[in-house]
Amino acid sequence: MTNAVGLTPAGIGRRAGARFIDWIIAGFIGAVLFWILERVTDLPSWIAILPGAGFGFLYFVVFEVVTGSTPGKKLLGLHVNGADGAAKPDLVESAKRNAYMLLNLIPWLGGLLWFIAAIGIAVTVSSSPSKQGWHDKFAGGTQVVKD
C-alpha cells in the first residue's frame, strides 16, 4: 500500500506506547471480569480468564471500527486507516488486524504464541517504509497514521 497523501505513518515507538495504554485499560476491565467470574462460578481459573482475554480483542476491534482510534491511540495522536486509505477499518479488517490477540485464549501456550506474533509485528513495522506490520497487510492494508 502506498501512503495516502498528507498522512504520516506512525512508527513503532508511538504505536507501542498507545498499545501499552490500551493494555492497561483493557487489562483492568478483563481483570474485573475474571474476578467476577471466579467469585460467582465454580469454573477453573484457566476457563474463567478466557472472557477477559477475549475482551481485549473486542476492545481493539470496537474502538477501531467505531472511531478509528483506541483511547491509547487517541491520547498519542494516532489513527487506524482502513484498507485503501479508508477513514477507519471495517469490522473484517479490524478483526483480521487484531486476530493475533486471540492467541491469548489458548490455555498455557497462548501467551508465548501471542508474544512471538507481537515480535513479528514490531519487526515488520520497523522494517516497512509504510510502517505496516504483517497484521496490517493481513487485514488488507490497514495503516496506523499520525493525526
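Residues numbered from 1 in each chain as written. Predicted model: local features only at pLDDT ≥ 70, side-chain atom pairs only at ≥ 80, totals over all residues. Heavy atoms only, no water.

**Student:** Kindly report on the overall build of the protein, identifying the contributing residues and their values.
**Tutor:** For the protein, the helix and strand inventory stands at seven helices and two strands. Each helix and strand of the protein, ordered N terminal to C terminal, gives the series α-α-α-α-β-α-α-α-β. In terms of overall dimensions, the protein is globule-like: its C-alpha atoms have a radius of gyration of 16 Å, near the 15 Å expected for 147 residues. Dimensions of the protein along its principal axes, counting C-alpha atoms only, are 55 × 25 × 25 Å. For the protein, the residues scored as buried account for 35% of the 147 residues in total. As presented, the protein carries roughly 7,700 Å² of accessible surface, and 74% of it is formed by carbon and sulfur atoms. One finds the centroid of the 12 positive side-chain charges in the protein at a distance of 8 Å from the centroid of its 9 negative side-chain charges. (Helix = DSSP H or I, 4+ residues; strand = E, 2+ residues; numbered from the N terminus. Rg over C-alpha atoms; globule rule 2.2 N^0.38 Å. Buried < 20%, exposed > 50% of the residue type's maximum accessible area, 1.4 Å probe, protein only. Areas by Shrake-Rupley, 256 points an atom, 1.4 Å probe, with all protein chains shown as cover. Lys, Arg positive; Asp, Glu negative; His and termini not counted. Charge placed at Lys NZ, Arg CZ, Asp CG, Glu CD.)

**Student:** I'd like a description of the pattern of salt bridges, backed by residues and values.
**Tutor:** Applying the stated criterion across every chain, the model contains five salt bridges. One salt bridge in this structure joins Arg 39 and Glu 38, with 3.7 Å as the shortest N-O distance. For Asp 136, the salt bridge goes to Arg 97, with nearest N and O atoms at 2.8 Å. Of the two residues, Asp 136 is situated in helix H7 (residues 134-138) and Arg 97 in helix H5 (residues 91-98); the sequence distance between them amounts to 39 residues. The exposure class assigned to Asp 136 is buried, which follows from its relative accessible area of 0%. Under the relative-accessibility criterion, Arg 97 is labelled buried at 1%. (Salt bridge = Lys/Arg side-chain N within 4 Å of Asp/Glu carboxyl O.)

**Student:** So what's going on with helix H3 (residues 50-67)? Residues and values would help.
**Tutor:** The terminal C-alpha atoms of H3 lie 26 Å apart, and with 18 residues this matches the ideal 26 Å at 1.5 Å per residue to within 8%. Those residues of H3 that sit buried are Gly 52, Gly 54, Gly 56, Phe 57, Tyr 59, Phe 60, Val 61 and Glu 64. Buried positions along H3 lie against helix H1 (12-40), helix H4 (71-75), strand S1 (78-81) and H5. Positive phi appears at Gly 68, one or two residues downstream of H3, with a value of about 85°. (Expected span 1.5 Å × (residues − 1). Contact = heavy atoms within 4.5 Å.)

**Student:** Residues and numbers for the packing of H3 against H5, please.
**Tutor:** The geometry of a pair of packed helices is captured by two quantities: the angle between their axes and the separation between those axes. At their nearest, the axes of H3 and H5 sit 9 Å apart, and the two run at 145° to each other. Between H3 and H5 the crossing geometry is right-handed. Residue-level contacts link Phe 57, Phe 60, Val 61, Glu 64 and Val 65 of H3 to Leu 91, Ser 94, Ala 95, Arg 97 and Asn 98 of H5. Looking at the contact of H3 with H5 residue by residue, the class counts come to six nonpolar, two polar and two charged. (Axes fitted to C-alpha atoms, helices over the stretch in contact; angles between N-to-C directions. Left-handed = near helix turned anticlockwise from the far one by under 90°. Nonpolar A, V, L, I, M, F, W, Y, C, P; charged D, E, K, R; others polar.)

**Student:** Quick one: what's the story with the pairing of S1, residue by residue and with numbers?
**Tutor:** Along S1, one buried face is formed by Leu 78 and Val 80 and the opposite face, lined by His 79 and Asn 81, is buried too. Bridge count between S1 and strand S2 (residues 143-146): four bridges; the pairing is antiparallel. Residue pairing in the sheet places Asn 81 in a bridge with Gln 143 of S2. (Pairing = 2+ DSSP bridges.)

So, to be careful, I would describe these as geometric facts and stop short of saying anything about function.
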